[in-house]
Amino acid sequence: QVQLVESGGGLVQAGGSLRLSCAASGSILSVDAMGWYRQAPGKQRELVATVTTAGSINYSDSVKGRFTISRDNAKNTAYLEMNSLRPEDTAVYYCNALMVVTSTWRMGNYWGQGTQVTVSS
């Protein structure tokens, strides 16, 4: 069984910081891109940031300059450092990974269960 387990969400005041972690575990052959998405109440899930194995990074315009994505390839773990948080950053944050797993030997798209981030004004 393959899992993406997120941690680090919580409640923070505007201007504060949080660090999210996402660890991939299970029968994994390889991990390609990893990323973070978020979904606020009543809105569609949107991209926050992605990072490839080679280190190529993409951010949404709304978080550029405030959020930093990174990963530890040896640990199959991705991180999202969130600074200068705003109330509009409040959402459930989901980890995403493209992985090849032993059960299929194919690249698949996997999601974590989500972690709540709430920013109070």
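Let me begin by describing the structure that accompanies this report.

## Here's the deal with the nonpolar core
No. 1: Residues Trp36, Val48, Phe67, Leu80, Met82, Tyr93 and Met99 are the most contacted members of the largest nonpolar core, which totals 29 residues.
No. 2: Contributions of two or more residues to this core are made by β3 (18–25), β4 (28–39), β5 (46–51), β7 (67–72), β8 (77–82), β9 (91–101) and β11 (115–120).
No. 3: Here this core takes 6 residues from β9, the largest share from any one element.
No. 4: For Met99, the residues in contact, after removing those within four places along its chain, are Val2, Leu4, Ala24, Ile28, Ser30, Val31, Arg106, Met107, Gly108 and Tyr110.

## Some thoughts on the sheet that holds β3
No. 1: With antiparallel pairing, the 4 strands of this open sheet are ordered in space as β1-β3-β8-β7. Edge positions in the open sheet fall to β1 (3–7) and β7, since each of these has one partner strand only. With direction set aside, neighbouring strand axes in the sheet form an average angle of 15°.
No. 2: In this sheet, β8 lies alongside β7 in antiparallel orientation, the contact comprising 6 bridges. Following the sheet pairing, Thr68 is matched in β8 by Glu81.

## As for the side chain of Glu6
No. 1: Mapped onto the fold, Glu6 is located in strand β1.
No. 2: Nearest to the buried, unbridged Glu6 among oppositely charged side chains is Arg45, at 7.7 Å.
No. 3: Engagement of the side chain of Glu6 in a polar contact is seen with the backbone nitrogen of Cys95, the distance being 2.6 Å.
No. 4: Within polar-contact distance, the side chain of Glu6 engages the backbone nitrogen of Gly114 at 2.7 Å.
No. 5: Contacts of Glu6, omitting those with residues within four sequence positions, involve Ser21, Cys22, Trp36, Tyr93, Tyr94, Cys95, Gly112, Gln113, Gly114 and Thr115.

Reading guide: rules and limits
- Residues numbered from 1 in each chain as written.
- Predicted model: local features only at pLDDT ≥ 70, side-chain atom pairs only at ≥ 80, totals over all residues.
- Heavy atoms only, no water.
- Core = buried A, V, L, I, M, F, W, Y, C linked by side-chain atoms within 4.5 Å.
- Buried < 20%, exposed > 50% of the residue type's maximum accessible area, 1.4 Å probe, protein only.
- Helix = DSSP H or I, 4+ residues; strand = E, 2+ residues; numbered from the N terminus.
- Contact = heavy atoms within 4.5 Å.
- Pairing = 2+ DSSP bridges.
- Axes fitted to C-alpha atoms, helices over the stretch in contact; angles between N-to-C directions.
- Lys, Arg positive; Asp, Glu negative; His and termini not counted.
- Salt bridge = Lys/Arg side-chain N within 4 Å of Asp/Glu carboxyl O.
- Polar contact = N/O pair within 3.5 Å; in protein donor to acceptor, adjacent residues only side chain to side chain.

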